[in-house]
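Single-letter residue listing:
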Amino acid sequence: MKITSATFEISNSDWSRCPQGNRAEYAFIGRSNVGKSSLINMLTNHGGLAKTSATPGKTLLINHFLINNSWYIVDLPGYGFAKRGKEERERLQRMIRGYILHREQMVNLFVLVDSRLEPQKIDLEFMRWLGENGVPFSIVFTKLDKLGRVAGVEAVERYKTQLLEEWEELPPVFMTSSRDSRGREELLAYIDKLNSLA
Ligand code: GTP
Ligand code: MG
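Calculation rules
Residues numbered from 1 in each chain as written. Chains lettered and ligands numbered in written order. Predicted model: local features only at pLDDT ≥ 70, side-chain atom pairs only at ≥ 80, totals over all residues. Heavy atoms only, no water. Helix = DSSP H or I, 4+ residues; strand = E, 2+ residues; numbered from the N terminus. Rg over C-alpha atoms; globule rule 2.2 N^0.38 Å. Contact = heavy atoms within 4.5 Å. Areas by Shrake-Rupley, 256 points an atom, 1.4 Å probe, with all protein chains shown as cover. Lys, Arg positive; Asp, Glu negative; His and termini not counted. Charge placed at Lys NZ, Arg CZ, Asp CG, Glu CD. Near = heavy atom within 4 Å. Polar contact = N/O pair within 3.5 Å; in protein donor to acceptor, adjacent residues only side chain to side chain. Donors = N, O, S within 2.8 Å, 3.2 Å for Na, K, Ca; no water. Buried < 20%, exposed > 50% of the residue type's maximum accessible area, 1.4 Å probe, protein only. Phe/Tyr/Trp six-rings, centres within 6.5 Å; stacked < 30°, edge-to-face > 60°. Lys NZ or Arg CZ within 6 Å of the ring centre and 35° of its normal. Pairing = 2+ DSSP bridges. Axes fitted to C-alpha atoms, helices over the stretch in contact; angles between N-to-C directions. Expected span 1.5 Å × (residues − 1). Arc of directions from axis to C-beta.

## Observations regarding the overall build of the chain
Along the backbone of the chain there are five helices and seven strands. Counting from the amino terminus, helix and strand elements in the chain follow one another as β-β-α-β-β-α-β-α-β-α-β-α. The globule rule puts the C-alpha radius of gyration for 198 residues at 16 Å, and the 16 Å found for the chain is close to it. In terms of its C-alpha atoms, the chain occupies a principal-axis envelope of roughly 40 × 40 × 35 Å. A sequence separation of at least 24 residues applies to 74% of the contacts in the chain between residues at least 6 apart. Carbon together with sulfur atoms contributes 48% to the accessible area of the chain, which is approximately 10100 Å² in total. In the chain, the 27 positive side-chain charges and the 24 negative ones have mean positions that sit 7 Å from each other.

What follows is the structure, given as structure tokens:
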């Protein structure tokens with residue numbers, strides 16, 4: 001799929017105020033700093049579309065980007081940022097969970113995990129919660145440029161093996177890097193396929 005246009009539309013703190021209408025949308029979630037906003041910029045080929053930062057906790061709202069005048073990419077705040085106060089963390093969690101549970105236009109949630117880390121409890125618990133709530137999701141491994149080819153494949157295989165200890169089958173898995181754009185075609189092709197089914 002070619003991306004011919006990508007424009008910021010609106011930021012919200014509440015799912016109920018997100019854009020009306022029935023355009024399909026795809027949201028990106030994961031721990032703070034995992035690379036959600038960078039991935040969105042890589043997918044759309046628009047360097048500054050979503051705001052990124054080397055320090056976690058950059059994205060704090062639900063951000064809608066209109067793609068090809070027909071569907072949305074949604075950048076969400078990260079979860080699990082320890083330095084943030086408890087109250088603020090809980091407020092963000094309510095924002096994220098409210099969006100995920102109620103936003104009917106969301107076709108698929110992309111859960112980003114850092115390919116360099118062993119499976120993290122917080123990510124595994126989050127995916128469990130998605131499963132319990134019947135939320136369709138895929139897993140996107142990020143920052144693969146930081147690992148060698150072999151180490152990258154091995155890390156992803158280890159992760160999948162661990163997931164299979166509790167999941168009967170695995171969701172779609174993508175291996176990406178926002179630095180070298182790997183995984184871009186696969187991810188866009190997947191979105192294209194879901195768009196055509198919608
Ligand atoms: P929050 O909005 O704070 O939740 O973070 P985020 O998940 O949106 O992360 P963001 O895209 O802002 O990126 C965080 C840091 O990781 C930045 O310093 C990015 O440059 C870096 N980064 C993101 N993706 C990649 C990648 O694929 N490879 C490398 N090497 N660095 C990356
Ligand atoms: Mg962000």
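## Observations concerning the site of ligand 1
Taken together, 22 residues form the shell around ligand 1, and within it K36, S38, G57, D145 and S178 come nearest. N33 has a polar backbone atom sitting 3.0 Å from an oxygen atom of ligand 1. Within the backbone of K58, one N or O atom sits 2.7 Å away from an oxygen atom of ligand 1. Protein chains bury 92% of the 660 Å² of accessible surface belonging to ligand 1 in isolation.

## Some thoughts on the coordination of the magnesium ion (ligand 2)
Every protein donor of the magnesium ion (ligand 2) is listed here as S37 (OG) and T59 (OG1), and their distances to the metal cover 2.1 to 2.2 Å. With S37 in helix 1 (residues 36–44) and T59 in the loop between helix 1 and strand 3 (62–67), this pair connects stretches of sequence that are 22 residues apart. Here T59 falls in the buried class, since its relative accessible area comes to 12%.

## As for the packing of aromatic side chains
To describe a pair of aromatic rings, you give the distance between the ring centres and the angle between the ring planes. Enumeration over the complete set of coordinates arrives at 10 aromatic pairs. With a centroid separation of 6.2 Å and an interplanar angle of 75°, the aromatic rings of F110 and Y190 are classed as edge-to-face. One end of the pair, F110, is in strand 5 (residues 106–114); the other, Y190, is in helix 5 (residues 184–197), with 80 residues separating them in the sequence. Clustering of aromatic rings is evident, with ring pairs tying together F28, F110, F174 and Y190. Of note, R97 hangs over the ring of W129, and the distance from its end group to the ring centre comes to 4.3 Å.

## Brief notes about the sheet that holds strand 3
Ordered in space as 1-3-4-2-5-6-7, the seven strands form an open sheet in which the pairing is mixed. What marks the edges here is a single partner per strand, and that holds for strand 1 (6–12) and strand 7 (173–175). Going across the sheet, the axis of each strand differs from the next one's by a mean of 25°, ignoring polarity. Across four bridges, the pairing between strand 2 (residues 25–30) and strand 4 (residues 71–75) is parallel.

## Describing helix 5
Each α-helix winds once per 3.6 residues, and so residues spaced three or four apart point in a common direction. Given a rise of 1.5 Å per residue, 14 residues ought to cover 20 Å, and the 20 Å separating the end C-alpha atoms of helix 5 matches this to within 8%. Along helix 5, the residues that are buried comprise R184, L187, L188, Y190, I191 and L194. Viewed along the axis of helix 5, the buried residues span an arc of 155°, placing them on a single side of the element. Exposed and oriented more than 90 degrees from the buried face of helix 5 are S196 and L197. In this structure, the buried residues of helix 5 make contact with strand 2, helix 1, strand 4, strand 5, strand 6 (137–142) and strand 7.

Such coordinate-based values are descriptive only and should not be taken to indicate function.
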